[in-house]
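Observations on the model geometry
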Amino acid sequence: MRIEFNLDTVMSVSGEGVGIGLPASLHLSLPGCPWGELPGLLGEDSGRLETALASLLRDGRAFQTYAKSPNGVLLRYCGEVSGLHTSLTISRASAAEATLNADLMRVAELEAQVALLKSQRNASPVALFQVAATGALEPKNPSAHSMAGTSAARTALSGLFPAATDGPQQLRSPDGTHLGWVRLTQSREPDRSKIVHVEDIDQQVRVERALESFMTTLTETFAHLDSALAIFDRNRHLHLFNPALTDLFGLNPAQLAQRPSFREFLEALRGQRMLPEQSDFTQWRRKLTAAIERTGEEPFHEDWTLPSGQILRVTVRPHPRGAL
């Protein structure tokens, strides 16, 4: 089957596609396959075919391509220009063409996947290196090129391999100068090389060390307080305590260092008989917990009369970020 039309029979050619001026009553047919109007032949590949037709009509660029019809039949589309006549030939593809087209489609899918992986690799903020069996270091994405931008950094990175293990590693120049901290994740390739992801964690390490130093200073400051102090985080686990807490309640510091929950902390006090006697301990604990959770800007106060006759003043102060 051959359809011929000249440039004057085309309704429009635009960036949104090409419209082919065929009367609504026109029907095309292939042996054993009834077809409706020409646009119906384009099926799921209409965008690609319309682009090829637009190029044919605008630039006279001939094409041959394949596309499936709406009912899954593979068709061959050949567009040609001869003088002032533009022709489009549509025919059923042979079995060999169908096999070849299927192979080409799989190749195109693989190429698209490879292109996506390359795009993701290049966009990753984590540096990607390939380390050859000889130890040679090759940057594989922009982040890697940036990280190894100086000779000192490149030498320091090369010095990590092949002995480095996964996890945090310190980068040092040949003269011992600290260049930063990185986290390594490595995988071996069949050719005995290694693919290494190198994440810059220098800022993270600095923050963690500053926090650790601050907590040490805080603990040393609280150590001099006579009042017992317990700080629970937003998840209600013991985060910090001072020696007065263990002295007052007779608690084991090693157990407190395991960061018990608020409920477990109360159970430990109950075991030491350092809570007021209650006919229903579970109900009392629920009321206490609810009262603490309702604490606003004003601190919560409660006096505990212990079985020994000792009276303790308990004060709970909320922290803006959820700690107590």
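Because the structure is predicted, anything quoted here is derived from the model rather than measured.

Overview of the overall build of the protein
For the protein, the helix and strand inventory stands at nine helices and 17 strands. Here the protein holds 324 residues, and the buried ones make up 35% of them. If you take every contact in the protein between residues at least 6 apart in sequence, the share linking residues at least 24 apart comes to 36%. Carbon and sulfur atoms provide 53% of the accessible area of the protein, an area that totals close to 20,300 Å².

Considerations on the packing of helix α8 (residues 262–271) against helix α9 (residues 281–293)
Two elements in contact, α8 and α9, have axes separated by 12 Å at closest approach and are oriented at 135°. Taken together, the axis directions place α8 and α9 in an arrangement best described as oblique. Crossing of α8 over α9 shows right-handed handedness. Contact residues: Phe262, Arg263, Leu266, Glu267 and Arg270 in α8; Phe281, Arg285, Leu288, Thr289 and Ile292 in α9. Class assignment for the residues of the contact of α8 with α9 results in five nonpolar, one polar and four charged.

Considering the nonpolar core
In terms of nonpolar packing, the biggest core is built from 24 residues, with Leu269, Leu288 and Trp304 touching the most fellow members. Taken together, the elements giving at least two residues each to this core come down to α6 (243–249), α8, α9, β16 (300–305) and β17 (311–316). The element contributing the most residues to this core is α9, with five residues. Those residues in contact with Trp304, other than ones at most four positions away along the chain, are Leu266, Leu269, Met274, Leu275, Pro276, Trp284, Leu288, Gln310, Ile311, Leu312 and Val314. In terms of nonpolar packing, the next biggest core, distinct from the first, is built from 15 residues, Phe129, Leu137, Ala144 and Leu157 among them.

What about the side chain of Ser193?
Examined against the element boundaries, Ser193 turns out to sit in the loop between β12 (178–188) and β13 (194–200). Residue Ser193 is classed as buried on the basis of its relative accessible area of 3%. At 3.1 Å, the side chain of Ser193 and the side chain of Gln130 are in polar contact. Apart from the residues lying within four places of it in its own chain, the contact partners of Ser193 are Gln130, Val131, Ala132, Ala133, Ser187 and Arg188.

Details of α9
Helix length check: α9, at 13 residues, gives a terminal C-alpha distance of 18 Å against a target of 18 Å (1.5 Å per residue), a fit within 8%. Those residues of α9 not exposed but buried are Phe281, Trp284, Arg285, Leu288, Ala291 and Ile292. All buried residues of α9 fall inside an arc of 130° around its axis, so they share one side. Across α9 from its buried face, at more than 90 degrees, point the exposed residues Arg286 and Lys287. Summarising the contacts, the buried residues of α9 are in contact with α8, β16 and β17.

What to know about the pairing of β13
Looking at chain direction, strand β9 (residues 127–131) and β13 are connected through five bridges and run antiparallel. Bridge pairing in β13 links Phe129 to Val196. Where β12 and β13 come together, seven bridges link them in antiparallel fashion. By the bridge assignment, Leu184 is partnered in β13 with Val198.

Digging into the sheet that holds β9
If you trace the five strands from one edge of the open sheet to the other, you get β10-β9-β13-β12-β11, paired in antiparallel fashion. Single-partner strands in this sheet number two, and they are β10 (137–139) and β11 (167–172). When strand polarity is set aside, the average angle formed by the axes of neighbouring strands in this sheet is 35°. Along the sheet, helix α5 (residues 202–222) makes contact with β12 and β13, crossing β12 at roughly 120°.

Re the pattern of salt bridges
What the rule picks out here adds up to 10 salt bridges. We note a salt bridge from Arg273 to Glu277, for which the minimum N-O separation is 3.4 Å.

Section: the environment of Ala52
Position of Ala52 among the secondary structure elements: in helix α1 (residues 46–59). Each C-alpha atom, one on Ala52 and one on Phe63, is 6.9 Å from the other, the two residues being 11 residues apart in sequence.

Focus: the packing of aromatic side chains
Applying the stated criterion to the full structure yields four aromatic pairs. Residues Phe232 and Phe262 carry aromatic rings whose centres are separated by 5.3 Å and whose planes lie at 85° to one another, so their mutual orientation is edge-to-face. Pair noted here: Phe232 is in strand β14 (residues 230–232) and Phe262 is in helix α8, with a separation of 30 residues, a long-range link. Like Phe262, Phe232 is buried. Taken together, the ring pairs in this structure connect Phe232, Phe262 and Phe265 into an aromatic cluster. Cation over ring: Arg270 sits above Phe281, and NZ or CZ is 4.1 Å from the ring centre.

Parameters at a glance
Residues numbered from 1 in each chain as written. Predicted model: local features only at pLDDT ≥ 70, side-chain atom pairs only at ≥ 80, totals over all residues. Heavy atoms only, no water. Helix = DSSP H or I, 4+ residues; strand = E, 2+ residues; numbered from the N terminus. Buried < 20%, exposed > 50% of the residue type's maximum accessible area, 1.4 Å probe, protein only. Contact = heavy atoms within 4.5 Å. Areas by Shrake-Rupley, 256 points an atom, 1.4 Å probe, with all protein chains shown as cover. Axes fitted to C-alpha atoms, helices over the stretch in contact; angles between N-to-C directions. Parallel < 35°, antiparallel > 145°, perpendicular 65-115°, else oblique. Left-handed = near helix turned anticlockwise from the far one by under 90°. Nonpolar A, V, L, I, M, F, W, Y, C, P; charged D, E, K, R; others polar. Core = buried A, V, L, I, M, F, W, Y, C linked by side-chain atoms within 4.5 Å. Polar contact = N/O pair within 3.5 Å; in protein donor to acceptor, adjacent residues only side chain to side chain. Expected span 1.5 Å × (residues − 1). Arc of directions from axis to C-beta. Pairing = 2+ DSSP bridges. Salt bridge = Lys/Arg side-chain N within 4 Å of Asp/Glu carboxyl O. Phe/Tyr/Trp six-rings, centres within 6.5 Å; stacked < 30°, edge-to-face > 60°. Lys NZ or Arg CZ within 6 Å of the ring centre and 35° of its normal.

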